[in-house]
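Structural description and commentary
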Amino acid sequence: MNTPAPLFCDRCLKELKFGQAEFYLVRIEALLDPTPPEFTQEDLARDVTSELNELVQQLNHLSAHEATEQIHRKLTLFLCLTCYRNWIENPTG
Ligand SMILES: [Zn+2]
């Protein structure tokens, strides 16, 4: 029989037991503003070549993974009941 790896609260490190309803699994998805940028006539009239070159230079320093992480991240947290209650009341605190 497989014993699941020990699980700990991501905030207080309390050990959590499976199947005892004593923790919450919290999934967080963070997405950079998904609204497409708006372009003005002024923007379209500008020569953006140098700006684009600069952007490409910046992106060249990042791995594909890092570049993706700047746009989209998914996290899974395990919180004990006490930590969950404190967190859910004030998730942005
Ligand atoms: Zn905790």
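Residues numbered from 1 in each chain as written. Predicted model: local features only at pLDDT ≥ 70, side-chain atom pairs only at ≥ 80, totals over all residues.

Topic: the overall build of the protein
Basically, it comes down to this: Think of it this way: any DSSP run of H or I at least four residues long counts as a helix, any run of E at least two long counts as a strand, and we number them from the N terminus. The globule rule used for comparison is 2.2 Å times the number of residues to the exponent 0.38, while the radius of gyration itself is calculated over C-alpha atoms.
In terms of helices and strands, the protein carries four helices and four strands. Secondary structure of the protein in N-to-C order comes out as β-β-β-α-α-α-β-α. Radius of gyration (C-alpha) of the protein: 22 Å, far over the 12 Å computed for a compact globule of 93 residues. Counting only C-alpha atoms and orienting by the principal axes, one finds that the protein spans roughly 65 × 30 × 20 Å.

Examining the confidence of the model for the protein
The following threshold applies: Per residue, pLDDT measures the predictor's confidence, with a range of 0 to 100.
Residue-level pLDDT values for the protein average 90, and 96% of them are 70 or greater. Highest mean pLDDT in the protein belongs to helix α4 (residues 81–89) (97); lowest belongs to helix α3 (residues 64–69) (85).

Quick word on the environment of Glu-22
Note the following rule: Any residue surrounded by 20 or more other C-beta atoms within 10 Å of its C-beta is treated as buried, while 12 or fewer makes it exposed and the intermediate range makes it partly exposed; C-beta atoms here are placed from the backbone. We call two residues in contact when the distance between their C-beta atoms, placed using the backbone, is within 7 Å.
Within the secondary structure, Glu-22 is located in the loop between β2 (15–16) and β3 (23–31). Judged by the 14 C-beta atoms lying within 10 Å of it, Glu-22 falls in the partly exposed class. For the pair Glu-22 and Glu-38, spaced 16 residues apart in sequence, the C-alpha to C-alpha distance is 47 Å. If sequence neighbours within four positions are ignored, Glu-22 has contacts with Leu-16, Lys-17, Cys-80 and Leu-81.

Regarding helix α2 (residues 49–60)
How we decide: Here, expected helix span is obtained from the residue count minus one, scaled by 1.5 Å.
Here α2 spans 16 Å end to end across twelve residues, near enough to the 16 Å set by a 1.5 Å rise per residue. Of all twelve residues that make up α2, zero are buried, and the element is exposed over most of its length.

Some points on unusual backbone geometry
If you check the backbone angles, Leu-13 has positive phi at about 70° while not being a glycine. Leu-13 sits in the exposed class, given 10 other C-beta atoms within 10 Å. The phi torsion at Ala-21 lies on the positive side, around 50°, for a residue other than glycine. Positionally, Ala-21 belongs in the loop between β2 and β3. For Ala-21, a count of 8 C-beta atoms within 10 Å puts it in the exposed group.

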